[in-house]
Amino acid sequence: MEFFIDTANIDEIRQAKGYGLIDGVTTNPTLLAREGGDWRKQAEVIVNEVEGPVSLEVVGMTAEEMVAEAQDLVKFGSNVVIKIPMIMEGVKATRQLTDMGIKTNVTLVFSPMQALLAAKAGATYVSPFVGRLDGISHDGMEVISQIVTIYENYGYATKVLVASVRHPKHVLDAALMGADVSTIPFNVLSQFAKHPLTDLGLEAFMKDWATLTDE
Ligand code: G3P
């Protein structure tokens, strides 16, 4: 499974990269706004920092605007992926960008039918938001399971990118379902290695080691 980091914070990206765990980055307008300042400079730094795909989102509401923005955004680097909202104009833009050879990530996806549309439009990635679905008492992971099944049934190449991840179990379930990618907030990524038995075991090893001599 590929791990992307869901942030526009360069320190978090560098730290995650330092662990050797990061295959790509996803941003969105909210994440860039959280960093403040000039979004272009921020996007440029991120795109240059990582070798893997970096999702940058368009904000236009028509296919024409989205395609024009995408053509501007891809100038940041060859690893840029254009994030497109799941609306009919977005579907249209995704098809056009796919035909132009530009990679896309269809975002704000909350149902299997939306994911099917994204695949039919030739999207490179589809981003279903599991945490936001759970937040309104739906089952986010059930939607992932259905999308994986539909894509397998018809051999769609669109990669399932599990987004809006809230805890390690979302990533565990996604991995068991065979989702291609999880985009993970830094605070969730840091939890993966944690286990109380690991901490207790390490403490005991260190304590026992300290009773030895080294001559
Ligand atoms: O980047 C898209 C998605 O992961 C956002 O998640 O935390 O705003 O629901 P969140």
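Above this text is the structure in question.
Residues numbered from 1 in each chain as written. Predicted model: local features only at pLDDT ≥ 70, side-chain atom pairs only at ≥ 80, totals over all residues. Heavy atoms only, no water.

Describe in detail the site of the ligand, supporting the description with residues and values.
In the neighbourhood of the ligand, the contacting residues comprise D6, N28, K83, F129, R132, A163, S164 and R166. A distance of 2.5 Å is found between an oxygen atom of the ligand and a side-chain nitrogen or oxygen belonging to D6. Protein contacts shield 84% of the accessible area of the ligand, which totals 310 Å² for the unbound molecule. Residues that form the shell around the ligand fall into these classes: two nonpolar, two polar and four charged. (Near = heavy atom within 4 Å. Polar contact = N/O pair within 3.5 Å; in protein donor to acceptor, adjacent residues only side chain to side chain. Areas by Shrake-Rupley, 256 points an atom, 1.4 Å probe, with all protein chains shown as cover. Nonpolar A, V, L, I, M, F, W, Y, C, P; charged D, E, K, R; others polar.)

Now, about the nonpolar core: what can you tell me, with residues and values included?
Ranked by size, the top nonpolar core spans 59 residues in total, and within it L56, I82, V126, I144, Y151, V160 and V162 carry the most contacts. Contact partners of V160, with chain neighbours within four places excluded, come to V126, P128, I144, I147, V148, Y151, A179, D180 and V181. Residues F4, V81, Y125 and L161 belong to the second largest nonpolar core, which totals five residues. (Core = buried A, V, L, I, M, F, W, Y, C linked by side-chain atoms within 4.5 Å. Buried < 20%, exposed > 50% of the residue type's maximum accessible area, 1.4 Å probe, protein only. Contact = heavy atoms within 4.5 Å.)

I'd like a rundown of the layout of surface pockets, residues and numbers included.
For the largest pocket, the calculated volume is near 340 Å³. Lining the largest pocket are 22 residues, and of these D6, N28, L31, R34 and R166 lie nearest its centre. Put simply, the parts of the chain that give the lining of the largest pocket at least two residues each are α2 (29–35) and α10 (186–189). Of all the elements, α2 adds the most residues to the lining of the largest pocket, at four residues. For the lining of the largest pocket, a count of residues per class yields seven nonpolar, eight polar and seven charged. In this structure, the second largest pocket spans a volume of roughly 210 Å³. (1 Å grid on protein atoms, 1.4 Å probe; cavity = no way out; pocket = protein on both sides within 12 Å on 5 of 7 lines; lining within 4 Å. Points joined across faces, edges and corners; volume = space filled by probe spheres on them. Helix = DSSP H or I, 4+ residues; strand = E, 2+ residues; numbered from the N terminus.)

I'd like to hear about the environment of V58, residue by residue, with values.
Position of V58 relative to the elements: it lies in the loop between β3 (54–57) and α4 (63–73). The spacing of V58 and I84 is 26 residues in sequence and 6.1 Å in space, taken between C-alpha atoms. In this structure, V58 is in contact with M66, E69, A70, L73, I82, K83, I84 and P85, ignoring residues within four places of it in sequence.

Now, about the packing of helix α8 (residues 140–154) against helix α9 (residues 168–177): what can you tell me, with residues and values included?
One way to put it is that α8 packs onto α9 with a least axis distance of 10 Å and a crossing angle of 20 degrees. The angle between α8 and α9 places the two elements in the roughly parallel class. The crossing of α8 and α9 is right-handed. Mapping the contact onto sequence places M141, I144, S145 and V148 in α8 and H170, D173, A174 and M177 in α9. (Axes fitted to C-alpha atoms, helices over the stretch in contact; angles between N-to-C directions. Parallel < 35°, antiparallel > 145°, perpendicular 65-115°, else oblique. Left-handed = near helix turned anticlockwise from the far one by under 90°.)

If you had to explain helix α3 (residues 39–49) to someone new, which residues and values would you point to?
All of the buried residues along α3 are Q42, A43, I46, V47 and E49. Angular distribution of buried residues about the axis of α3 spans 160 degrees; they occupy a single face of the element. Turned more than 90 degrees away from the buried face of α3, the exposed residues are K41 and N48. In the core, the buried residues of α3 are packed alongside α1 (10–18), β2 (24–26), α2, β3 and β4 (80–85). The N-terminus of α3 is capped by D38, whose side-chain oxygen sits 2.9 Å from the backbone nitrogen of R40. (Arc of directions from axis to C-beta.)

Requested: an account of the packing of aromatic side chains, with residues and values cited.
By the definition in use, this model includes six aromatic pairs. Seen in terms of ring centroids, Y154 and Y156 are 6.3 Å apart; in terms of plane orientation they differ by 45 degrees. Their pairing is tilted. Here Y154 falls in the exposed class, since its relative accessible area comes to 62%. The rings of Y151, Y154 and Y156 are connected pair by pair, giving a single aromatic cluster. (Phe/Tyr/Trp six-rings, centres within 6.5 Å; stacked < 30°, edge-to-face > 60°.)

An account of a nonpolar patch on the surface is needed here, citing residue identities and associated values.
Side chains of L202, F205 and M206 sit close together on the surface and give an oily, nonpolar patch of about 350 Å² of accessible area. Residue classification places M206 among the partly exposed positions, given a relative accessible area of 49%. (Patch = residues over 30% accessible without salt bridge, like charges linked within 9 Å, V, L, I, M, F, W, Y side chains within 5 Å. Salt bridge = Lys/Arg side-chain N within 4 Å of Asp/Glu carboxyl O.)

Provide a residue-level description of the pairing of strand β8 (residues 181–184), including the pertinent values.
Residues of β8 alternate between two faces, with V181 and T183 on one and S182 and I184 on the opposite face, all of them buried. Relative to β8, strand β1 (residues 2–6) runs parallel, the two sharing four bridges. Bridge assignment links E2 to a residue of β8, and that residue is V181. Of the strand pairs in this sheet, strand β7 (residues 159–162) and β8 are connected by two bridges, and their pairing is parallel. Within β8, the position partnered with L161 by the bridge is V181. Handedness of the crossover joining β7 and β8 through α9: right-handed. (Pairing = 2+ DSSP bridges. Right-handed = clockwise from strand over helix to strand, strands pointing away.)

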